[in-house]
Amino acid sequence: GNSVTQMEGPVTLSEEAFLTINCTYTATGYPSLFWYVQYPGEGLQLLLKATKADDKGSNKGFEATYRKETTSFHLEKGSVQVSDSAVYFCALSDREGGNNDMRFGAGTRLTVKP
Amino acid sequence: DSGVTQTPKHLITATGQRVTLRCSPRSGDLSVYWYQQSLDQGLQFLIQYYNGEERAKGNILERFSAQQFPDLHSELNLSSLELGDSALYFCASSASDRVWSEQYFGPGTRLTVT
């Protein structure tokens, strides 16, 4: 079945450090890929998405590229801020695999220190 | 503020009881999704309704049921509650019936079963 595996946290970085959160997926069809962010005490918010191979999603300085050959969708940001502290979820939705649902990774907690 | 509202914010109840969680989608959105977030299971998709009809089903237990009403609000009913049902329950909405469309999440209902 479809699944998402993302790097375990927690991740602690200093302000202005480079961020990478790894995400790999398994899917029977051709999925759309997403990164959601959950700030403390809030629901999830869509951060970025990509719907086909080699697409790059970007938002608020975050980027992720849909790599079909490595089945990956790693999240990156060149310079993190304290306000980026949150839990980040990689997710997939498989349009062709017959599973009309959204699968999430376990989440990676990021803490950015000033 | 995503525009999705959930009530109540917190709910404490005993094992064996039944509760109802309520969700109002963003204005104009026809799809409602329910998710369960727990420490051991992570974030799991439960069920989706589109314009009053069930559209997709995930890992929803038989003790749980949902419905979407003509005014598009949705209710998630949890019965014969067990300690393991303690979790955050999120509702999300989207304009489309496609799961891969952007979903807007509510703030969640925290259910504690004692």
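A quick note: this is a predicted structure, and the numbers were derived from the prediction, not measured.

J.: Break down the packing of aromatic side chains for me, citing the residues and quoting the values.
T.: Evaluation of the coordinates by the stated rule reveals twelve aromatic pairs over all chains. With 6.0 Å between their ring centres and 75° between their planes, A:Tyr30 and A:Tyr66 make a pair best called edge-to-face. Within this pair, whereas A:Tyr30 is found in the loop between β4 (23–26) and β5 (31–38), its partner A:Tyr66 is found in the loop between β8 (62–65) and β9 (75–77), the two being separated by 36 residues in sequence. Chaining the aromatic ring pairs together yields one cluster made of A:Phe34, A:Tyr36, A:Phe89, A:Phe104, B:Tyr35, B:Phe45, B:Phe90 and B:Phe105. Above the ring of B:Tyr104, the side-chain terminus of B:Arg26 is found at 3.6 Å from the ring centroid.

J.: For the sheet that holds strand β3 (residues 19–21) of chain A, give the residues involved together with the corresponding values.
T.: All names here are of chain A. The four strands lie next to each other as β3-β9-β8-β7, forming an open sheet whose pairing is antiparallel. The open sheet has two free edges, formed respectively by β3 and β7 (56–59), since each of these has just one partner strand. The average angle at which neighbouring strand axes cross in this sheet is 15°, direction not considered. Examined bridge by bridge, β8 and β9 share three bridges and lie antiparallel to one another. Residue pairing for β9: Ala64 is matched across the bridge by Leu75.

J.: Summarise the nonpolar core; cite the residues concerned and give the values.
T.: Counting residues in hydrophobic clusters, the biggest one holds 26 residues, and the most contacted among them are A:Trp35, A:Leu47, A:Leu48, A:Phe73, A:Leu75 and A:Tyr88. Elements supplying a minimum of two residues to this core: β2 (11–14), β3, β4, β5, β6 (44–50), β8, β10 (86–94) and β12 (108–113) of chain A. For this core, the element with the highest residue contribution is β10(A), accounting for four residues. Excluding residues within four positions of it along the chain, A:Leu48 makes contact with A:Leu33, A:Phe34, A:Trp35, A:Gly57, A:Ser58, A:Asn59, A:Phe62, A:Glu63, A:Ala64, A:Phe73 and A:Leu75. Counting residues in hydrophobic clusters, the runner-up holds 20 residues, among them B:Val32, B:Leu46, B:Ile60 and B:Phe64.

J.: Residues and numbers for the interface of chain B and chain A, please.
T.: The interface is formed by 16 residues belonging to chain B together with 15 residues belonging to chain A. In this assembly, chain B packs against chain A so that about 1,400 Å² is buried in total across both faces, 61% of it on carbon and sulfur atoms. Interface area lost by chain B to chain A is led by B:Leu43, B:Trp100 and B:Phe105, which between them contribute 43%. Along the contact surface separating chain B from chain A lie zero salt bridges. Run the count over chain B and chain A and you get one residue pair in polar contact (both at pLDDT 80 or more). Taken together, the elements giving at least two residues each to the side of chain B that touches chain A come down to β4 (31–38), β5 (42–50) and β6 (53–57) of chain B. Per-element tally for the side of chain B that touches chain A: the top contributor is β5(B), with three residues. Class assignment for the residues of the side of chain B that touches chain A results in nine nonpolar, four polar and three charged.

Rules and cut-offs
- Residues numbered from 1 in each chain as written.
- Chains lettered and ligands numbered in written order.
- Predicted model: local features only at pLDDT ≥ 70, side-chain atom pairs only at ≥ 80, totals over all residues.
- Heavy atoms only, no water.
- Phe/Tyr/Trp six-rings, centres within 6.5 Å; stacked < 30°, edge-to-face > 60°.
- Helix = DSSP H or I, 4+ residues; strand = E, 2+ residues; numbered from the N terminus.
- Lys NZ or Arg CZ within 6 Å of the ring centre and 35° of its normal.
- Pairing = 2+ DSSP bridges.
- Axes fitted to C-alpha atoms, helices over the stretch in contact; angles between N-to-C directions.
- Core = buried A, V, L, I, M, F, W, Y, C linked by side-chain atoms within 4.5 Å.
- Buried < 20%, exposed > 50% of the residue type's maximum accessible area, 1.4 Å probe, protein only.
- Contact = heavy atoms within 4.5 Å.
- Buried area = accessible area lost by both parts, 1.4 Å probe.
- Salt bridge = Lys/Arg side-chain N within 4 Å of Asp/Glu carboxyl O.
- Polar contact = N/O pair within 3.5 Å; in protein donor to acceptor, adjacent residues only side chain to side chain.
- Nonpolar A, V, L, I, M, F, W, Y, C, P; charged D, E, K, R; others polar.

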